[in-house]
Amino acid sequence: MSRFLLDVMCGGLTTYLRFCGHDTVYALDRGEEDDDRLRAIAAEEGRTLVTRDVHLANRADEAILLRRRDTEAQLAELLEAGVSLHPTEEPEYCGRCNGPVERVPPETTTPEYAPDDDTPTWRCLDCGQCFWRGSHWDRMRETLERVRAAQG
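Description of the structure in this document.

Side note on the overall build of the protein
1) Next: When helices and strands are tallied, the protein shows five helices and seven strands.
2) Next: Put simply, the protein runs from its N terminus to its C terminus through helices and strands in the order β-α-β-α-β-α-β-α-β-β-β-α.
3) Next: Radius of gyration (C-alpha) of the protein: 16 Å, near the 15 Å computed for a compact globule of 152 residues.
4) Next: Structurally, the protein occupies a C-alpha span of about 50 × 35 × 20 Å along its principal axes.
5) Next: Of the contacts formed within the protein by residues at least 6 apart in sequence, a portion of 47% connects residues at least 24 apart.
6) Next: Summed over its atoms, the accessible surface of the protein is roughly 8,300 Å², and 43% of this surface lies on carbon and sulfur atoms.
7) Next: Taking the 19 positively charged and 30 negatively charged side chains of the protein as two groups, their mean positions are separated by 4 Å.

Here is the structure:
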């Protein structure tokens, strides 16, 4: 999958891209807003910069320029740019921090907020966040299906 760096104007895409198996860094997660620094990070880490800033996109080695503000419209623009927006069967990246995730064995204790039943659960190896396929997962999948269907 792809590696992306999202500038501060594209933060709504972060979880969707991670959900689809893309290694995705959000600028504010690293405390970065400076255009030159974002360009340097993208180049150093081999990431495509995703931005709404025409000037920044024109100066970056590799960039996707988005024109819309709405997250669903931005997802459609990413599709048009050739980005795969199909959720992975097993999550690869934490939706919160982009860290690698692993499946939690059923016999392992999870935090109180996680389901108690046999629902498959994953834990981020970096931040410890647990997550599972619940209503948020379903809403994201439905949004992606709607965006892909609208693209024909």
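From this point, the discussion proceeds with the structure in view.
Quick word on the sheet that holds strand 7 (residues 130-132)
Pairing between sheet strands relies on hydrogen bonds along the backbone, with the strands arranged either parallel or antiparallel.
1) Next: Strands sit in the order 5-6-7 across an open sheet of three strands; the sheet is antiparallel. If you trace the sheet from one side to the other, it starts and ends with strand 5 (101-103) and strand 7, each paired once. Recorded for the sheet is a direction-independent mean angle of 30° between the axes of neighbouring strands.

Description of helix 4 (residues 71-80)
1) Next: Among the residues making up helix 4, those that are buried are A73, Q74, L75, A76, E77 and L78.
2) Next: Where helix 4 begins, the capping side chain belongs to D70, and its oxygen is found 3.1 Å from the backbone nitrogen of E72.
3) Next: Two residues or fewer after helix 4 comes G82, characterised by a positive phi angle close to 95°.

Observations regarding the environment of L85
1) Next: With respect to the helices, strands and loops of the structure, L85 is situated in the loop between helix 4 and strand 5.
2) Next: Residue L85 is classed as buried on the basis of its relative accessible area, which comes to 0%.
3) Next: Residues L85 and H22, 63 residues apart in the sequence, show an inter-C-alpha distance of 9.1 Å.

Let's talk about a nonpolar patch on the surface
1) Next: Together, V8, M9 and L28 line one region of the surface with nonpolar side chains, adding up to about 220 Å² of accessible area.
2) Next: In this structure, M9 sits in the loop between strand 1 (3-6) and helix 1 (14-19).
3) Next: Judged by its relative accessible area of 37%, M9 falls in the partly exposed class.

A look at the sheet that holds strand 3 (residues 48-51)
1) Next: With respect to topology, four strands assemble into an open sheet ordered 2-1-3-4, the strand pairing being parallel. Strand pairing shows two members of the sheet lacking a second neighbour, strand 2 (23-26) and strand 4 (63-65), which therefore form its edges. Adjacent strand axes in the sheet meet at a mean angle of 20° when their direction is disregarded.
2) Next: Bridge count for strand 3 against strand 4 is three bridges, and the pairing is parallel. Across the sheet, T51 pairs through a bridge with L65, a residue of strand 4.
3) Next: Contacts from helix 2 (residues 35-45) reach strand 1, strand 2 and strand 3 within the one sheet, and its direction differs from that of strand 1 by about 170°.

Here's the deal with the pattern of salt bridges
1) Next: One pass over the full model with this rule turns up 11 salt bridges.
2) Next: Linking D36 and R39 is a salt bridge whose minimum nitrogen-to-oxygen distance equals 2.9 Å. Linking D36 with R39, this pair stays in helix 2, spanning three residues, or about one helical turn.
3) Next: Judged by its relative accessible area of 42%, D36 is partly exposed.
4) Next: Across the pair R103 and E90 runs a salt bridge, and its minimum N-O distance is 3.8 Å.

Reading the values: the criteria
- Residues numbered from 1 in each chain as written.
- Predicted model: local features only at pLDDT ≥ 70, side-chain atom pairs only at ≥ 80, totals over all residues.
- Heavy atoms only, no water.
- Helix = DSSP H or I, 4+ residues; strand = E, 2+ residues; numbered from the N terminus.
- Rg over C-alpha atoms; globule rule 2.2 N^0.38 Å.
- Contact = heavy atoms within 4.5 Å.
- Areas by Shrake-Rupley, 256 points an atom, 1.4 Å probe, with all protein chains shown as cover.
- Lys, Arg positive; Asp, Glu negative; His and termini not counted.
- Charge placed at Lys NZ, Arg CZ, Asp CG, Glu CD.
- Pairing = 2+ DSSP bridges.
- Axes fitted to C-alpha atoms, helices over the stretch in contact; angles between N-to-C directions.
- Buried < 20%, exposed > 50% of the residue type's maximum accessible area, 1.4 Å probe, protein only.
- Polar contact = N/O pair within 3.5 Å; in protein donor to acceptor, adjacent residues only side chain to side chain.
- Patch = residues over 30% accessible without salt bridge, like charges linked within 9 Å, V, L, I, M, F, W, Y side chains within 5 Å.
- Salt bridge = Lys/Arg side-chain N within 4 Å of Asp/Glu carboxyl O.

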